[in-house]
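Survey of secondary and tertiary structure
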Amino acid sequence: MSAAEPNIDVLENRLQRVAPQLLALLLIDQTKSYRSKQGTHNIFWATSDYAELGPKFEYHEPIPPELITGKYGTVIRPRVLKAKDAQNQRSRTMAEVYTPAWICNEQNNLVDQAWFGRPDVFNQVAGQTNWHTNHTPIEFPPNKSWQDYVQALRLEITCGEAPYLVSRYDMTTGDFIPVPERIGLLDRKLRVITENTHRPEDWLHWAKVAYTSVYGYEWQGDSLLLARENLLFTLGEHYEARWGERPPLEVIMEIATIISWNLWQMDALKGVIPNSCHEEIQYNNTLFGLETTTIQCDGCHEDELLNSHHNGTYCLVKDWTQIDKRSGKPGKVLRFVDLF
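Residues numbered from 1 in each chain as written. Predicted model: local features only at pLDDT ≥ 70, side-chain atom pairs only at ≥ 80, totals over all residues. Heavy atoms only, no water.

**A few points about the layout of surface pockets**
Selection criterion: A 1.4 Å probe that fits but cannot get out identifies a cavity on a 1 Å grid over protein atoms alone, an open set with protein on both sides within 12 Å along at least five of seven lines counts as a pocket, and a residue lines either if it has an atom within 4 Å of a point. Grid points are joined across faces, edges and corners, and a volume is the space filled by probe spheres set on the points. Every helix listed is a DSSP run of H or I at least four residues long, and every strand listed is a run of E at least two residues long, numbered separately from the N terminus. For this classification, Asp, Glu, Lys and Arg are treated as charged, while Ala, Val, Leu, Ile, Met, Phe, Trp, Tyr, Cys and Pro are nonpolar and the rest, including Gly, are polar.
Here the largest pocket defines a volume of roughly 530 Å³. Along the walls of the largest pocket sit 22 residues, with Arg-14, Phe-233, Gly-236, Arg-246 and Ile-252 positioned nearest its centre. Looking at the lining of the largest pocket, the elements that each hand over two or more residues are α1 (12-18), α9 (221-243) and α10 (249-262). For the lining of the largest pocket, the element with the most residues is α9, which contributes 6 residues. When its residues are assigned to classes, the lining of the largest pocket shows 14 nonpolar, 2 polar and 6 charged.

Structure (structure tokens):
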């Protein structure tokens, strides 16, 4: 399929029409919402690419559904469908360079080679820019099970549209990749689930486990939304390929909630929401009257990465293997920096 074909792009108008609550979930900033006493908060643009559309599209503004649907329904598009000058601008300002699917595949193969203890588990590299999929069921080492593989944690750093986690399309060409040929880390987990479950309810149970095991963070809000959408639509595409129908909406909602926690907006060097570190003004009464002192963020002056001295908002994630004391449900909330 060519880059011009629309089905690689998750159309927000379609999401809003079919299930508006899904789009709302995919826009949530769970860190801000969890800390807030004033309801839910959304991720923000964190890019000036759309500022010409009006004040609500400026860098620090949140992204509500109405700004990406209706007449704005094609505002957010995959990088490959953007104009070339827009692509180049983002590369210059945010070092945004998307990796070809064949490179993602080779690097993911190395991850699996380390886990399985042997090469070419899911496919063999064919030439410089292709691969041949192994269509026989995956065999597991004597001391590891398919369930172990589904639960193994994976993190894509600065994930963009999440090409290492899911490979719905080649991020550089826009070519749609059929489900049996996909090479993402989550795609591989879903393939293993398909090969080892025989009822839809079992498939969906282990799919939830797989989604709780993959994480990713991104600075720019539009790219983060695209990544979240790609993970969500990956669920439906794999399920339909296996069972010939769409998954139940209540399950899709559960998965969307997991995705909104596991893919989040973050300044990776600080572990905080982008641009949330700030100056603080200290007021002191002296013999000469009221004086003010500007105090910089301590953490921003330290050389150590991911230190705990920033005054910004530290990003929260969930450990889905533990119970959260506040909610009493699976998914213990903790700061990302506390994982290290």
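**Side note on the packing of aromatic side chains**
Cut-off, in case you're wondering: Pairs were defined over the aromatic rings of Phe, Tyr and Trp, the Trp ring being its six-membered one, requiring ring centres within 6.5 Å. Orientation was assigned from the angle between planes: stacked under 30 degrees, edge-to-face over 60, tilted for the rest. Summary of the burial criterion: residues with accessible area below 20% of their type's maximum are buried, those above 50% are exposed, and those between are partly exposed, where the area comes from a 1.4 Å probe applied to protein chains only.
Enumeration according to the criterion identifies 20 aromatic pairs in this entry. With a centroid separation of 5.1 Å and an interplanar angle of 65°, the aromatic rings of Trp-146 and Trp-206 are classed as edge-to-face. Separated by 60 residues along the polypeptide, Trp-146 in helix α6 (residues 146-151) and Trp-206 in helix α8 (residues 200-212) bring together distant segments of the chain. Classification of Trp-206 as buried rests on a relative accessible area of 18%.

**Considering the pairing of strand β9 (residues 330-335)**
Applicable threshold: Strand pairing requires that DSSP identify at least two bridges connecting the strands.
Here strand β8 (residues 316-323) pairs with β9 via 5 bridges, running antiparallel. Within β9, the residue paired with Lys-318 across the bridge is Val-333. Counting the residues in the hairpin turn of β8 and β9 gives 6 residues, including Gly-328, whose phi is positive at 75°.

**Here's the deal with unusual backbone geometry**
Phi angles above zero are rare outside glycine, and Ala-46 is one such case at about 55°. Residue Ala-46 is classed as buried on the basis of its relative accessible area of 1%. Here Asn-275, not a glycine, exhibits a phi torsion of approximately 65°, which is positive. The partly exposed category is assigned to Asn-275, whose relative accessible area is 39%.

**Some details on the nonpolar core**
Threshold: By convention a nonpolar core is built from buried Ala, Val, Leu, Ile, Met, Phe, Trp, Tyr and Cys residues, the set being connected through side-chain atoms within 4.5 Å. Contacts: residue pairs with any heavy atoms within 4.5 Å of one another.
Core analysis: the biggest nonpolar cluster contains 76 residues, and Trp-45, Trp-203, Tyr-211 and Leu-231 have the highest contact counts within it. A total of 10 residues in this core trace back to one element, the largest contributor, which is α9. In contact with Trp-203, not counting residues within four places along its chain, are Leu-190, Ile-193, Thr-194, Thr-197, Leu-235, His-238, Tyr-239, Arg-242 and Trp-243.

Everything listed here is a matter of coordinates, which is why it stays silent on function.
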